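Understanding the architecture of this molecule
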Amino acid sequence: MTEQSPALDNLLSETRTFPPDGEFAAQANAGAGMYAEAQSDREGFWAEQAEKLDWESRWDQVVDWSNAPFARWFVGGRLNVAFNCVDRHVAAGFGDQVAIHWVGEPGDTREITYAQLQEEVCRAANGLASLGVVAGDRVAIQLQMIPEAIVAMLACARIGALHSVVFGGFSPTALRARVDDAEAKVVITSDGQYRRGKAAAMKAQVDEALVGAESVQRVLVVRRTGAETPEEVPWTESRDIWWHELMATQPAEHEAEAFDSEHPLFILYTSGTTGKPKGILHTSGGYLTQAAYTHRVVFDHKPGQDVYWCTADIGWVTGHSYIVYGPLANRATQVVYEGTPNTPHEGRHWEIVQNYKVSIYYTAPTLIRTFMKWGSDIPAKYDLSSLRVLGSVGEPINPEAWMWYREHIGGGRAPIVDTWWQTETGAIMISPLPGVTHTKPGSAQAPLPGISAKVVDDNGAEVPAGGGGYLVLDKPWPAMLRGIWGDDERYRETYWSRFADQGFYFAGDGAKYDSDGDIWLLGRVDDVMNVSGHRISTTEVESALVSHPAVAEAAVVGASDATTGQGIVAFVILRGSSTDAGEQTVQDLRNHVAGEIGPIAKPRQIMVVSELPKTRSGKIMRRLLRDVAENRDVGDVTTLADASVMDQIASGLKSGS
Ligand code: WTA
């Protein structure tokens, strides 16, 4: 099996369990019987979930897997995704219910009801149509967490255009690569964004990205910070248009057209094992069905009663499925917060929970560990008694963080759902069900009713209880990706070739069964790092490093990190004979990577070396570099072409950062 991070060792000896509370169980959306129900009639089970949406015409077939690995779900059905997330709630008499309690970083707030959301989405749909956007076109969105980001996504969905949301922290180079790959016709961005109390330019960065971008016809700009100098907000008259000016001229009504269940909904780029990001393609009916179903049962969400808050950014899949599509399809009232968790103070999240009486809170282990570092006295100052379900996503949650979350945030009472899924799976796949599952700190436990997953060995055979191996998904699921944008071959190769004989989807994660058969996720087994829950490929960072004139060669590894899960550690060989990197060179290289990819990819540490450990066939042995990066004794070096390399590295290390 794969190498394991030492941080995960204690996870494997964890034995505590927490049975569901009787009162909670009595009112829970999920019931233990769902597993058997889904088992005995899988398609019937999913049809039942799909029936909770509003379809213009019903499907003739639940799933068509005849052209595997390209699935079709709810074949022949027609629906409008945005109508399902907004209009149908207004039509049912819930127009006055708050959809979004928005909290700006500087302290400004907005309450948006479903009726107001409907009006804004209609105006934006009309606005995009007036710019020539038609069904099937791609719209790139680089926006921070402001209501317009959600409105823009829903407006695209409403007219059948695909959105490609690009995280606000990505560099101009990264944005441009995504705009070009999807051939986006329109880009939506803002003048600037608030980050840690300061306004930072956004439009200027987007303009830098779009120089010579042939596909882009219009750029829509939301006014947020009020920046106005030409340096901050450069303007191209023939191309750029203010969001508020366009919306002011648009009718507040828009007839939503129904699209085929398999009509593409969005593209979201994610890191793979090669340098080029993959455009993960999702479609409409199956995606919305699973996003809504999982949001309902995993978070026990009750419309009109709960106040839900997912702290993700819409730049990631969690923001797509659990801020936009799942919660809105389920008529949630949710908090959307624009800023960082410690602005202006480290109790900001708990203050928001207290003020809005948040009942469901969904965040990432890296943030939980940060809260732990800040101290349990901070949440203790606030009334968190409204919280009744806590969620975790993005990486394996270590038992210490799980226990802290339970005690200091959940008051020792709120069930924790550790949800495993990926950009590719579209929605949650493995998770406890609150009110049903006896939870275990650190385990995502079992595939949800309707979902099938297994832990298998190298040959694809399921391992016995207690055994470890690779996580695979052995049956198609409604929200599964439908491919990689423009690259069917890469789709087959990346996900379906490893266990081609068995027809399994290979997730790229290592996993283990405990003696009860519960699943414990053990992190990636490929060259993808997980830094603060963000996927970054080692190759991507290596390419960024070697694009710097001073660098001859680079190897990057993810080393375990107490707060961020993994930290990026780079080993570089400089050009010429220099092994003497001054502090300045190291800083330059770190900034260069941030400039090429984005600040999230900035290496934690850069070590200048004279050689890299390679096998005789020239493959870099990252395992050995990880030993160095994690201050461990270096493991087996017998397959190295030159066994003395590791000694040279160890003795010649100059470390930066
Ligand atoms: C990891 C985020 C363990 C995993 C929704 C997966 C997790 C990758 C968990 C997907 C979890 C996510 N336990 N590992 N609960 N959730 N992961 O595409 O390695 O950004 O393959 O999707 O994050 O990351 P992505």
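Being a predicted model, the structure only gives us computed values, none of them experimental.

Focus: helix H11 (residues 317–329)
- Here H11 lies mainly inside the structure; 13 of its 13 residues are buried.
- Positive phi shows up at Arg 331, right after H11, with a value of about 55 degrees.

Section: the packing of helix H4 (residues 81–94) against helix H5 (residues 114–130)
- Where H4 contacts H5, the axes come no closer than 9 Å and their chain directions differ by 140 degrees. Regarding the angle of H4 to H5, the classification is oblique. Here H4 and H5 pass one another in a crossing that is left-handed. Contacts from Cys 85, Val 86, Asp 87, His 89, Val 90 and Phe 94 in H4 reach Tyr 114, Ala 115, Leu 117 and Gln 118 in H5.
- Of the residues contributing to the contact of H4 with H5, the split by class is seven nonpolar, two polar and one charged.

Describing the sheet that holds strand E24 (residues 505–513)
- Pairing in this open sheet of four strands is antiparallel, and the strands run E21-E22-E24-E25 from one edge to the other. The sheet terminates laterally at strand E21 (453–456) and strand E25 (519–524), the two strands that pair on one side only. The average angle at which neighbouring strand axes cross in this sheet is 45 degrees, direction not considered.
- Summarising the sheet, E21 and strand E22 (residues 468–473) pair through four bridges and their orientation is antiparallel. Across the sheet, residue Ala 453 finds its bridge partner in E22, namely Leu 473.

Some thoughts on the state of the cysteines
- Enumeration according to the criterion identifies zero disulfides in this entry.
- No disulfide involves Cys 156; its sulfur sits 13 Å from that of Cys 85, the nearest cysteine.
- Exposure remark for Cys 156: the relative accessible area of 0% places this residue in the buried category.

Things to note about the domain arrangement of the chain
- Here the chain is described as being made up of domain 1 (22–509) and domain 2 (532–654).
- Each of domain 1 and domain 2 has a C-alpha centre, and these two points are 33 Å apart.
- Between domain 1 and domain 2, a total of about 1,500 Å² is buried, with carbon and sulfur atoms accounting for 44% of that surface.
- Put simply, domain 1 and domain 2 have one salt bridge between them.

Looking at the nonpolar core
- Core analysis: the largest hydrophobic core is formed by 118 residues, its most contacted members being Leu 117, Leu 154, Ile 188 and Tyr 325.
- Ranked by residues supplied to this core, first place goes to helix H6 (residues 147–159) with 10 residues.
- Ignoring sequence-local partners within four residues, the contact set of Leu 117 consists of Val 86, Ala 99, Ile 100, Ile 112, Val 151, Leu 154 and Leu 328.
- One finds Val 221, Ala 227, Val 551 and Val 586 within the second-largest nonpolar core, a separate group that totals 40 residues.

Quick notes on the site of the ligand
- Looking at the ligand, there are 17 residues lining it, with Thr 419, Thr 423, Asp 509, Arg 524 and Arg 535 nearest.
- Interatomic distance of 3.1 Å between a backbone N/O atom of Gly 394 and a nitrogen atom of the ligand.
- At a separation of 2.8 Å, a nitrogen atom of the ligand approaches a polar backbone atom of Thr 419.
- Protein chains bury 96% of the 530 Å² of accessible surface belonging to the ligand in isolation.
- Counting residues per element, the ones that place at least two in the shell around the ligand are H11, strand E20 (416–419) and E25.
- Classifying every residue of the shell around the ligand gives six nonpolar, six polar and five charged.

Quick word on the UniProt feature "binding site: ATP" (unreviewed entry) in the chain
- According to UniProt, the feature "binding site: ATP" (unreviewed entry) maps to Gly 394, Glu 395, Pro 396, Asp 418, Thr 419, Trp 420, Trp 421, Gln 422, Thr 423, Asp 509, Arg 524 and Arg 535 in the numbering used here.
- By the secondary structure assignment, Gly 394 is in the loop between strand E19 (389–393) and helix H15 (399–409).
- In this structure, Gly 394 is in contact with Asn 530 and Gly 533, ignoring residues within four places of it in sequence.
- As for its placement among the helices and strands, Gln 422 is situated in the loop between E20 and E21.
- Residues contacting Gln 422, with those up to four places away along its chain left out, are Val 317, Tyr 505, Ala 507, Asp 509, Arg 524 and Arg 535.

Scoring rules and cut-offs
Residues numbered from 1 in each chain as written. Predicted model: local features only at pLDDT ≥ 70, side-chain atom pairs only at ≥ 80, totals over all residues. Heavy atoms only, no water. Buried < 20%, exposed > 50% of the residue type's maximum accessible area, 1.4 Å probe, protein only. Helix = DSSP H or I, 4+ residues; strand = E, 2+ residues; numbered from the N terminus. Axes fitted to C-alpha atoms, helices over the stretch in contact; angles between N-to-C directions. Parallel < 35°, antiparallel > 145°, perpendicular 65-115°, else oblique. Left-handed = near helix turned anticlockwise from the far one by under 90°. Contact = heavy atoms within 4.5 Å. Nonpolar A, V, L, I, M, F, W, Y, C, P; charged D, E, K, R; others polar. Pairing = 2+ DSSP bridges. Disulfide = S-S within 2.5 Å. Domains from an automatic or database assignment. Buried area = accessible area lost by both parts, 1.4 Å probe. Salt bridge = Lys/Arg side-chain N within 4 Å of Asp/Glu carboxyl O. Core = buried A, V, L, I, M, F, W, Y, C linked by side-chain atoms within 4.5 Å. Near = heavy atom within 4 Å. Polar contact = N/O pair within 3.5 Å; in protein donor to acceptor, adjacent residues only side chain to side chain. Areas by Shrake-Rupley, 256 points an atom, 1.4 Å probe, with all protein chains shown as cover. UniProt positions renumbered as here; feature names shortened; annotations may be inferred.

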